[in-house]
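# Remarks on the overall topology
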Amino acid sequence: MGMRLLPQPVLTLVIAAVWMALANGVSLGNAVLGLVLGIAVPLLTQAYWPDRPRFRKPWRIADFALVVLWDIIVSNIQVARLILFRRGDSLRSQFIRVPLDLTNAEAITILAGTITMTPGTVSADLSADGTAILVHCLETDDPEATVTAIKQRYEKRLMEIFA
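Residues numbered from 1 in each chain as written. Predicted model: local features only at pLDDT ≥ 70, side-chain atom pairs only at ≥ 80, totals over all residues. Heavy atoms only, no water.

This paragraph deals with the overall build of the protein chain. The number of helices and strands found in the protein chain is six helices and three strands. Since a compact globule built from 163 residues should have a radius of gyration of about 15 Å, the 19 Å found for the protein chain marks it as more spread out than a globular shape. Taken over the C-alpha atoms alone, the protein chain extends approximately 60 × 40 × 25 Å along its principal axes. Of all 163 residues assigned to the protein chain, the portion counted as buried reaches 29%. Within the protein chain, contacts between residues separated by at least 24 positions form 73% of all contacts whose residues are at least 6 apart in sequence. Within the structure as shown, the protein chain displays about 10,500 Å² of accessible surface, and the carbon and sulfur contribution to it stands at 66%. Counting 15 positive and 14 negative side-chain charges, the protein chain places the averaged centre of each group 7 Å from the other. (Helix = DSSP H or I, 4+ residues; strand = E, 2+ residues; numbered from the N terminus. Rg over C-alpha atoms; globule rule 2.2 N^0.38 Å. Buried < 20%, exposed > 50% of the residue type's maximum accessible area, 1.4 Å probe, protein only. Contact = heavy atoms within 4.5 Å. Areas by Shrake-Rupley, 256 points an atom, 1.4 Å probe, with all protein chains shown as cover. Lys, Arg positive; Asp, Glu negative; His and termini not counted. Charge placed at Lys NZ, Arg CZ, Asp CG, Glu CD.)

Have a look at this one:
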């Protein structure tokens, strides 16, 4: 019965929390409406989620989020320094190919989004067979080190999270 009422409990909590943040106020009415939305949306959309992702180690999500947040902060500072103190023609920007060990579509999507959210890098394309991501780097003099960093900091953690 619990799985039928809450087909995606994490999504239910996220929707309820987002509703509370959007409501910009904590009240019993907002909490109840957030929970109703959090229960209703997954129930109404469960037919569109036949192959829901399975989390092997969901507690690692917090670790992944902290690493990404830290990298976003550090990258913002690095990109600001590049823009403020370097001439555009001196930047060593290039496209790099990041081979993937991930096979889960949701995990690959999160990886591509993470790369794009981190200032200085953008996911430009996913290979047709899903085995590599093309990434544009604003500044890199060592493409192999950039690939290694992406794989170690992001892909490895995502592989631990997703089954």
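There is more to say after this.
What follows deals with the pattern of salt bridges. The final tally for this structure, using the stated rule, is 10 salt bridges. Between Arg 60 and Glu 160 there is a salt bridge, with the nearest N and O atoms lying 2.8 Å from each other. In this pair, Arg 60 is assigned in helix H4 (residues 60-85) and Glu 160 in helix H6 (residues 143-161), connecting sequence segments 100 residues apart. Relative accessible area serves as the criterion here: at 23%, Arg 60 is assigned to the partly exposed category. Put simply, Glu 155 and Lys 151 hold a salt bridge, and the shortest N to O gap is 2.4 Å. Taken together, the residues span about one helical turn, with Glu 155 and Lys 151 both in helix H6 at a distance of four residues. The exposure class of Glu 155 is buried, given its relative accessible area of 1%. Beyond isolated ion pairs, a larger network of salt bridges with shared partners links Arg 60, Asp 63, Arg 157 and Glu 160. (Salt bridge = Lys/Arg side-chain N within 4 Å of Asp/Glu carboxyl O.)

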